[in-house]
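# Examination of the molecular architecture
This is what each chain is made of:
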Amino acid sequence: MIANPTVSVIDRVLMQEALKQAQLAFEHDEVPIGAVIAYKNKIIAKAHNQVETLKDPTAHAEMIAITQATNYLSQKWLKDCSLYVTIEPCSMCAGALVLSRIKKICFGALDLKTGACGSVFNIVHHKQLNHKIEIQRGLFEDECGRLISDFFKKKREAPGIDLKDS
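Quick summary incoming for the structure in this document.

Turning to the overall build of the chain, a few remarks are in order. Along the chain, the regular secondary structure elements total five helices and five strands. Counted from the first residue to the last, the chain has its helices and strands arranged as α-β-β-α-α-β-α-β-β-α. Reported as C-alpha extents along the three principal axes, the dimensions of the chain are approximately 45 × 35 × 30 Å. Buried positions account for 45% of the 166 residues belonging to the chain. The contacts of the chain with a sequence gap of at least 6 include a subset with a gap of at least 24, amounting to 56%. A total of about 9100 Å² of accessible surface is found on the chain, and carbon and sulfur atoms cover 53% of it. Once the 21 positive and 19 negative side-chain charges of the chain are each reduced to a mean point, those two points are 7 Å apart.

This is the structure in structure tokens:
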């Protein structure tokens, strides 16, 4: 990976923590997406997808991290926080992030099927919404994308697995 001079060391460290969370999801047979939320460069929340574990379609890494972070701060606003997530947030997560007033989202790989931070939709910069979020994309893009690709490759090779909706 070629170093991007606009990416700080802190951004790299925090995204590596999100990648660790994604690896945990992979190990638990969840879609490998990991997220961390930082406040003043300190991690206050970290999560991975738990949709299958909790049998809850809203148990995305970002949603769980938002809840952890608001609990940590004892407030509903995350205006001085940054989210580091391995894959571009979906519309549900992007909407929740707008509602939380998070300051920045840094994500690794695009989600060309459901991404809502610029690839398919752009909820975080929608002109009719009252909050816009700073976006940084592509940090550890190859690693983040490879983890997702490896997961679905493994699933396709497993007998009796149907991935038509994935």
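One open sheet accounts for five strands, arranged β2-β1-β3-β4-β5; its pairing is mixed. Each edge of the open sheet carries a strand with a single partner, namely β2 (42-48) and β5 (134-137). Neighbour to neighbour, the strand axes of the sheet diverge by 15 degrees on average, direction disregarded. Both strand β1 (residues 34-39) and β2 contribute to a ladder of six bridges, which runs antiparallel. When the bridges of β2 are listed, I37 appears paired with A45.

Looking now at unusual backbone geometry. Backbone geometry places R101, a non-glycine residue, at a positive phi of 65 degrees. Inspection of the secondary structure assignment puts R101 in the loop between α4 (91-100) and β4 (104-109). With phi around 60 degrees, F140 is a residue other than glycine that occupies positive phi space. Residue F140 is classed as buried on the basis of its relative accessible area, which comes to 8%.

Glancing now at the packing of helix α3 (residues 61-73) against α4. Helix-helix packing is characterised by the crossing angle of the two axes and by the distance between the axes. Axis separation between α3 and α4 bottoms out at 9 Å; the angle between their running directions is 20 degrees. Relative to α4, the element α3 is oriented roughly parallel. Seen from above, α3 lies across α4 with left-handed handedness. In this structure, α3 contributes E62, M63 and I66 to the contact, and α4 contributes M92, C93, A96 and L97.

What follows deals with the environment of E30. Within the secondary structure, E30 sits in the loop between α1 (9-27) and β1. Put simply, E30 and N49 are 19 residues apart on the chain and 6.2 Å apart in space, counted from C-alpha to C-alpha. Not counting chain neighbours up to four residues away, the residues in contact with E30 comprise A25, N49, Q50, V51, E52, T53 and F151. Only 3.1 Å separates the side chain of E30 from the backbone nitrogen of V51, close enough to count as a polar contact.

Turning our eyes to something else, we now look at the pattern of salt bridges. Where side chains of opposite charge bring their charged atoms close, a pairing between them can arise. According to the stated counting rule, one finds three salt bridges in the structure shown. For K104, the salt bridge identified is with D11, shortest N-O distance 3.1 Å. Placement of K104 in strand β4 and of D11 in helix α1 is noted, with a sequence separation of 93 residues between them. By relative accessible area, which is 10% here, K104 ends up buried. Using a relative accessible area of 6% as the deciding quantity, one classes D11 as buried. K20 is the partner of E17 in a salt bridge, and the nearest nitrogen-oxygen pair spans 3.0 Å. Placement of the pair is E17 and K20 together in helix α1, with a separation of three residues, close to one helical turn.

Procedures and definitions
- Residues numbered from 1 in each chain as written.
- Predicted model: local features only at pLDDT ≥ 70, side-chain atom pairs only at ≥ 80, totals over all residues.
- Heavy atoms only, no water.
- Helix = DSSP H or I, 4+ residues; strand = E, 2+ residues; numbered from the N terminus.
- Buried < 20%, exposed > 50% of the residue type's maximum accessible area, 1.4 Å probe, protein only.
- Contact = heavy atoms within 4.5 Å.
- Areas by Shrake-Rupley, 256 points an atom, 1.4 Å probe, with all protein chains shown as cover.
- Lys, Arg positive; Asp, Glu negative; His and termini not counted.
- Charge placed at Lys NZ, Arg CZ, Asp CG, Glu CD.
- Pairing = 2+ DSSP bridges.
- Axes fitted to C-alpha atoms, helices over the stretch in contact; angles between N-to-C directions.
- Parallel < 35°, antiparallel > 145°, perpendicular 65-115°, else oblique.
- Left-handed = near helix turned anticlockwise from the far one by under 90°.
- Polar contact = N/O pair within 3.5 Å; in protein donor to acceptor, adjacent residues only side chain to side chain.
- Salt bridge = Lys/Arg side-chain N within 4 Å of Asp/Glu carboxyl O.

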